[in-house]
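Summary of structural features
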Amino acid sequence: MKLLHIDSSALGANSVTRELSAAVVARWQDALPALQVEYRDLDAEPIPHLTGRTLAKADPAEADEGERVIQQFLDADVIVIGSPMYNFGISSTLKAWIDRVAVAGRTFRYTEAGPEGLAKGKRVIVATGRGGFHTGAPSDFQEPYLRQVLGFLGIDKVEFVRAEGVAYSPQHRSDALAQAHASIPTPLRLAA
């Protein structure tokens, strides 16, 4: 079984989502010792944003990296994403990654019956960190967007581990992290 771990926070060691995504991955590694984990840090090694040159594959090195990104995604059974809320949405680095994995003919296609996701069977766990409280509010463009785009790709097993209100006070941050850690889903043990 393969797990792809994605971090997108620009806050380094002070990141709520990096702490939570690492805890999710650790729980999976404890439950499944043979688990293969690949890690991608979108802040340390950002993927270039999609451009006309990208689509034209004008830069062979960029095209090769784009192929590696999508193959890494396709090979993963489980994807853990650390996604801080920036300006009510996702980080631009995470959006650049999504632009590389949402590829017609590879992860989705259009049919006479409408779009069909081709990345079925994957499980995604998203660790979110938010300075305020946004779950279920009109200000949340993060979780609905991620559910939509992942669902469009055919992924219907999407879970969120949330830490909200972390900017209110040190106590709020501590309480939010404790609640988020307690909500980390237990990996399903696979039959041998």
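1. Let's talk about helix 5 (residues 143–152)
Those residues of helix 5 lying buried are Glu143, Leu146, Val149 and Leu150. For helix 5, the arc enclosing every buried residue in end-on projection is 140°, short of the 170-degree limit, so these residues lie on one face. Buried residues along helix 5 sit in contact with strand 3 (78–84), helix 4 (92–101), strand 6 (123–130) and strand 7 (157–164). Just downstream of helix 5 lies glycine 154, where phi reads positive at about 100°.

2. Quick notes on unusual backbone geometry
For lysine 57, which is not glycine, the phi dihedral falls at a positive 55°. As for its position among the elements, lysine 57 is in the loop between helix 2 (52–55) and helix 3 (60–75). The exposure class assigned to lysine 57 is exposed, which follows from its relative accessible area of 61%. Backbone geometry places phenylalanine 88, a non-glycine residue, at a positive phi of 75°. Considering the arrangement of structural elements, one finds phenylalanine 88 in the loop between strand 3 and helix 4.

Procedures and definitions
Residues numbered from 1 in each chain as written. Predicted model: local features only at pLDDT ≥ 70, side-chain atom pairs only at ≥ 80, totals over all residues. Heavy atoms only, no water. Buried < 20%, exposed > 50% of the residue type's maximum accessible area, 1.4 Å probe, protein only. Helix = DSSP H or I, 4+ residues; strand = E, 2+ residues; numbered from the N terminus. Arc of directions from axis to C-beta. Contact = heavy atoms within 4.5 Å.

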